[in-house]
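These are the residues of each chain, in order.
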Amino acid sequence: VTSAGGMIMLRYQILDSDKVLSVHDKQTAPYILGSDGFKFDAPGMQGHSHIGKKKVAGTTDYILLANSGGRLKPGMVVTIVAGELRMSDVMVV
């Protein structure tokens, strides 16, 4: 959680540079599911940080999502979904 609780920063490391553009595809773009089932998928003010960067394996990046109503708080447990990938029990910091 960042920006005084108004946004969620989802950081990731690129493993396959051929797949990195999938973060912009509506079918595979990452989102966060709160424990109450709320879907955090609205882009934050800045959206993505990788504009102008080389998208190669080993580099890190982030996506900003809006934290609607400040619902997500540090210490909560969420699920991160990106395409077919589903990571459960992720602690929010």
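Residues numbered from 1 in each chain as written. Predicted model: local features only at pLDDT ≥ 70, side-chain atom pairs only at ≥ 80, totals over all residues. Heavy atoms only, no water.

Draft legend 1. Fine view of unusual backbone geometry. The phi dihedral of S3 falls on the positive side, at around 55°, and the residue is not glycine. The exposure class of S3 is partly exposed, given its relative accessible area of 44%. (Buried < 20%, exposed > 50% of the residue type's maximum accessible area, 1.4 Å probe, protein only.)

Draft legend 2. Region of interest: the environment of G75. Structurally, G75 is set in the loop between β5 (60-66) and β6 (77-82). On the basis of relative accessible area, G75 is assigned to the partly exposed category, the value being 45%. Between the C-alpha atom of G75 and that of V92, which follows or precedes it by 17 residues, the distance is 5.3 Å. With residues up to four places along the chain from it excluded, the contact list for G75 reads M91 and V92. (Helix = DSSP H or I, 4+ residues; strand = E, 2+ residues; numbered from the N terminus. Contact = heavy atoms within 4.5 Å.)

Draft legend 3. Spatial organisation of the environment of V1. Mapped onto the elements, V1 comes out in the segment before β1 (7-13). Taking the C-alpha atoms as reference points, V1 and L65, 64 residues apart in sequence, are found 9.5 Å from one another. With residues up to four places along the chain from it excluded, the contact list for V1 reads M7, N67, L72, K73, P74, V92 and V93.

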